[in-house]
Amino acid sequence: MSASPKLLTNLNVATMTDAPTPYGLMSDAAIALQDGLIKWVGKAEEIPENLQDAESVDLGGRLVTPGLIDCHTHLVHGGNRAAEFEMRLNGASYEEVARAGGGIISTVRATRSANADELLQSALRRADALIAEGVTTLEIKSGYGLDVDTELRMLRVAREVGNNRAIRVRTSFLGAHAIPADYKDRADAYIDQVCIPTLRQAHDEGLVDAVDGFCEGIAFSTDQIARVFEVARELGLPVKLHAEQLSNLGGAALAARHGALSADHLEYLDEDGVQAMADAGTVAVLLPGAFYTLRETQVPPVQSLREHGVPIALATDANPGSSPLTSLLLAMNMGCTLFRLTPEEALRAVTVHAARAMGLTDVGTIAPGQRAELAVWDVKQPSELAYRIGFNPLHTRIFGALT
């Protein structure tokens, strides 16, 4: 039986649709919710007759946006890498730390030694930080197991995050994240003997929504990633890729050839890669937390992405090494200050474009038929969300129903 609609009134709404106004902004607006969906949105003076008697909630003139979307995280992991943070500040590069057995591999050791409950409890603490800032949709990757058992354990735990909190979780299999110590100098063998068989098993268990990889000199080549992507295609799974973070191996172009949802990082992306992404409709996911933490100086080609019409998303890249960041609001500010995005681009980057980077069409905008996943803010202008640093103006978060 259908529930009675509820009417949110006395609000301003940034619909993030293709409306002619910046942000799709509408003042003196109202939103009707019913059965976990947005039933209607418009000017308060235009509320349809069939909704005028609905139970209403006065939002006191606050701003409503789509719930925020963090489309690139490594939220499930064991341990931390504070010691390596200190090493880098003492002069070691990210690549030097990785080649010395630190970096991703050190997190692999900690993650393999953690049981499922330990992984879940630590992931929930990080998820709670994101939820407190209005995040309603979250992507979580595997990739710190690099063996069958731990990769599957990570994906199961990622699913449990969504079962334990009012948040939508999508999982990405990142078996091609790093070469484990027992396969040193045998990357091809690792892909064939561990990564691909684990992907098939994870898919059989219904644990995978997308397939990711790390295409870089310290990780995997384009040929190796292509073999993983071919299996993803066989299984009917969309792909995405960590590409052009530390160098340009042509990863973004590879991702585009495979119709990737997104290519992520992209500091060393060239014009050919931008064009390939534009032609394929692949989203550029920028990760300013990693850029900041690693003290990088090569900025992603934002202007070229704009000129070619490539959608730009932002994410926390929450992980224990290169981006120990669990604030999507701060990622928005970083996107503006470090990469020169506009505040409107930053908000689109964590709503409509982040949804596209996850292959989702039912979130990211405020329009009839979309999921009722909203954030209500104590701000007057949408630009305030990217402007403030270390300040959370969230009034309430709506996930399916108003509580």
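This one's a predicted model, so the numbers in the text were calculated from it and none came from an experiment. (Residues numbered from 1 in each chain as written. Predicted model: local features only at pLDDT ≥ 70, side-chain atom pairs only at ≥ 80, totals over all residues. Heavy atoms only, no water.)

Novice: Lay out helix 5 (residues 148–164) in plain terms, naming residues and giving numbers.
Specialist: Taking 1.5 Å of rise per residue, 17 residues should cover 24 Å, and helix 5 covers 24 Å from first to last C-alpha, within 8% of that figure. Residues T150, E151, L152, R153, M154, L155, V157, A158 and V161 constitute the buried set of helix 5. Taken together, the buried residues of helix 5 touch helix 3 (104–113), helix 4 (116–131), strand 6 (135–141), strand 7 (168–176) and helix 6 (187–204). (Helix = DSSP H or I, 4+ residues; strand = E, 2+ residues; numbered from the N terminus. Expected span 1.5 Å × (residues − 1). Buried < 20%, exposed > 50% of the residue type's maximum accessible area, 1.4 Å probe, protein only. Contact = heavy atoms within 4.5 Å.)

Novice: Give me the lowdown on the environment of A386, citing residues and values where you can.
Specialist: Counting through the fold element by element, A386 comes out in helix 15 (residues 384–387). Along the backbone, A386 and T337 are 49 residues apart, and their C-alpha atoms lie at a distance of 9.4 Å. Here A386 is in contact with M332, N333, C336, P343 and A346, once residues within four sequence places are set aside.

Novice: Lay out unusual backbone geometry with the relevant residues and their values.
Specialist: The phi angle at D28 is positive, at roughly 45 degrees, despite the residue not being glycine. Structurally, D28 is set in strand 2 (residues 25–34). Assessed through its relative accessible area of 53%, D28 is described here as exposed. Phi at R295 takes a positive value of approximately 55 degrees, unusual for a residue other than glycine. Assignment of secondary structure puts R295 in the loop between helix 10 (288–293) and helix 11 (302–307).

Novice: Describe empty space enclosed by the protein, naming the residues involved and giving the relevant values.
Specialist: Counting across every chain of the model gives two cavities of 30 Å³ or more. Of the voids in this model, the second largest cavity is the one considered here, and its volume is about 30 Å³. Around the second largest cavity sit L329, E384, L385, R388, F391 and P393, which together line it. A per-class count over the lining of the second largest cavity returns four nonpolar, no polar and two charged. (1 Å grid on protein atoms, 1.4 Å probe; cavity = no way out; pocket = protein on both sides within 12 Å on 5 of 7 lines; lining within 4 Å. Points joined across faces, edges and corners; volume = space filled by probe spheres on them. Nonpolar A, V, L, I, M, F, W, Y, C, P; charged D, E, K, R; others polar.)

Novice: Would you mind going over the pattern of salt bridges in detail, with residue names and values included?
Specialist: Scanning all chains against the criterion turns up 17 salt bridges. We note a salt bridge from R227 to D192, for which the minimum N-O separation is 2.8 Å. Here R227 is found in helix 7 (residues 222–235), whereas its partner D192 is found in helix 6, with 35 residues between them in sequence. Overall, R227 belongs to the partly exposed group, its relative accessible area being 24%. Shared partners join several salt bridges into a network, and the residues in it are E139, K141, D212 and K240. (Salt bridge = Lys/Arg side-chain N within 4 Å of Asp/Glu carboxyl O.)

Novice: Can you explain the UniProt feature "binding site: Fe(3+)" (unreviewed entry) in the chain? Please cite residues and give values.
Specialist: Following the UniProt record, one finds the feature "binding site: Fe(3+)" (unreviewed entry) at H72, H74, H242 and D317. In sequence the annotated residues extend across 246 residues, while in space they remain close, none of their C-alpha pairs exceeding 12.3 Å. Looking at the element boundaries, H72 is found in the loop between strand 5 (68–70) and helix 1 (82–89). For H72, the side chain forms a polar contact with the side chain of H74, separated by 3.2 Å. Along the chain, H74 falls in the loop between strand 5 and helix 1. Leaving out residues up to four positions away in the same chain, H74 has contacts with K141, S142, Y144, L174, H177, H242, D317, A318 and N319. There is a polar contact of 3.3 Å between the side chain of H74 and the side chain of D317. (UniProt positions renumbered as here; feature names shortened; annotations may be inferred. Polar contact = N/O pair within 3.5 Å; in protein donor to acceptor, adjacent residues only side chain to side chain.)

Novice: Please give an account of the sheet that holds strand 7 that cites residues and values.
Specialist: Read from one edge of the open sheet, eight strands run 5-6-7-8-9-10-11-12, paired in parallel fashion. Strand pairing shows two members of the sheet lacking a second neighbour, strand 5 and strand 12 (312–314), which therefore form its edges. Neighbour-to-neighbour, the strand axes of the sheet open up by a mean angle of 25 degrees, direction not taken into account. Where strand 8 (residues 210–215) lies against strand 9 (residues 240–243), two bridges are found, and the strand directions are parallel. Across the sheet, the residue bridging to C215 is A243, located in strand 9. (Pairing = 2+ DSSP bridges. Axes fitted to C-alpha atoms, helices over the stretch in contact; angles between N-to-C directions.)

Novice: I'd like a description of the layout of surface pockets, backed by residues and values.
Specialist: Taken as a whole, the largest pocket holds about 480 Å³ of empty space. Forming the walls of the largest pocket are 21 residues, and the residues nearest its centre are A98, R99, I105, I179 and I218. Every element with two or more residues in the lining of the largest pocket is listed here: helix 2 (94–99) and helix 3. In terms of residues, the lining of the largest pocket owes the most to one element, helix 2, which gives three residues. In terms of residue class, the lining of the largest pocket is made up of 13 nonpolar, five polar and three charged.

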